[in-house]
Amino acid sequence: QVQLVESGGGLVQAGGSLRLSCAASGGSFIINAMGWYRQAPGKQRELVATISSGGSTNYADSVKGRFTISLDNAKNVVSLQMNSLKPEDTAVYYCNANLHRGVNLNYWGQGTQVTVSS
């Protein structure tokens, strides 16, 4: 019954910014961590950034210094501020949540397209 709904994807020029958000809803759960992954055509899905409920963050080397992840525990919303976007950031971005509902389980959003033009 848990749903992750992403928003904020779109088309931007290189050097521009975009902010993605993902809201987790449905049922009763405790957030362990939430994060963002991306998949470009012909490539494997890769981690972009994660954040634990305690605030610990992890970033892919390719986005360090450009992307910032944040978590609003009260609203169950994770956001990804993406600055200085590059064409190689183009991908479908997926929201992920590791939630505790008796046991710890991973949930995925449907994905949102981010396209960065040169």
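Each residue is numbered by its place in its chain's sequence as written, counting from 1. Owing to the predicted nature of the model, reporting of local features is limited to residues with pLDDT of at least 70; listing and counting of side-chain atom pairs is limited to 80 or more, with chain, interface and lining totals taken over all residues. Excluded from the side-chain calculation are hydrogens and water; included are all heavy atoms of the structure.

Considerations on the nonpolar core
For soluble globular proteins, nonpolar side chains are generally found buried alongside one another. Grouping buried Ala, Val, Leu, Ile, Met, Phe, Trp, Tyr and Cys residues that are joined through side-chain atoms within 4.5 Å yields what is termed a nonpolar core. The classification of residues rests on relative accessible area computed with a 1.4 Å probe and restricted to protein chains. Under 20% of the type maximum is buried, over 50% is exposed, and intermediate values are partly exposed. Counting residues in hydrophobic clusters, the biggest one holds 33 residues, and the most contacted among them are Met34, Trp36, Val78, Leu80, Met82 and Tyr93. Helix and strand labels come from DSSP, where a helix needs a run of H or I of at least four residues and a strand needs a run of E of at least two; each type is numbered from the N terminus. Of all elements in the fold, only β3 (18-25), β4 (30-39), β5 (46-52), β7 (67-72), β8 (77-82), β9 (91-100) and β11 (112-117) reach the threshold of two or more residues within this core. Top element by residues in this core is β9. It accounts for five residues.

A few points about the packing of aromatic side chains
Here a pair means two rings of Phe, Tyr or Trp (six-membered ring of Trp) with centres within 6.5 Å. Their orientation is stacked below 30 degrees between planes, edge-to-face above 60, and tilted elsewhere. Considering all chains together, one arrives at one aromatic pair under this definition. Both rings, one in Tyr37 and one in Trp108, keep their centres 5.1 Å apart while their planes meet at 65°; by these two values the pair is edge-to-face. Placement of the pair is Tyr37 in strand β4 and Trp108 in strand β10 (residues 104-108), with a sequence separation of 71 residues. Take Trp108: its relative accessible area is 39%, and that puts it in the partly exposed class. Over the aromatic face of Tyr94 sits the side chain of Arg45, whose NZ or CZ is 3.7 Å from the ring centroid. Two conditions define a charge sitting above a ring: the NZ of Lys or the CZ of Arg must be within 6 Å of the ring centre, and it must be within 35 degrees of the ring normal. Sitting over the ring of Trp108, Arg45 keeps its end group 4.8 Å from the ring centre.

Considering the state of the cysteines
Pairs of cysteine sulfur atoms within 2.5 Å are identified as disulfides in what follows. Under the criterion given, the structure shown has one disulfide. Between the sulfur of Cys22 and that of Cys95 lies a disulfide, 2.0 Å long from S to S. A torsion of -85° about the S-S bond marks the disulfide between Cys22 and Cys95 as left-handed. One end of the pair, Cys22, is in strand β3; the other, Cys95, is in strand β9, and 73 residues separate them in sequence. Judged by its relative accessible area of 1%, Cys22 is buried.

Some points on the sheet that holds strand β1 (residues 3-7)
Should DSSP find at least two bridges between two strands, the strands are taken to pair. Across the sheet, four strands lie side by side as β1-β3-β8-β7; this open sheet has antiparallel pairing. The sheet terminates laterally at β1 and β7, the two strands that pair on one side only. Across the sheet, the mean angle separating the axes of adjacent strands is 15° when strand polarity is ignored. All axes here are fitted lines through C-alpha atoms, helices being fitted over the stretch that makes contact, and every angle between N-to-C directions spans 0 to 180 degrees.

Some words on the side chain of Arg66
For Arg66, the location among the structural elements is in the loop between β6 (57-59) and β7. Residue classification places Arg66 among the buried positions, given a relative accessible area of 11%. Within polar-contact distance, the side chain of Arg66 engages the side chain of Asp89 at 2.8 Å. Under this definition, polar contacts are N or O atom pairs within 3.5 Å; protein pairs additionally need one hydrogen-donor-capable and one acceptor-capable atom, and for neighbouring residues in sequence, both atoms have to be side-chain atoms.

A word on the environment of Gly10
Within the secondary structure layout, Gly10 lies in strand β2 (residues 10-13). Exposure remark for Gly10: the relative accessible area of 25% places this residue in the partly exposed category. Other than its neighbours up to four places away in sequence, Gly10 contacts Leu18, Gln113, Val114 and Thr115. Contacts between residues were defined by any pair of non-hydrogen atoms, one from each residue, lying within 4.5 Å.

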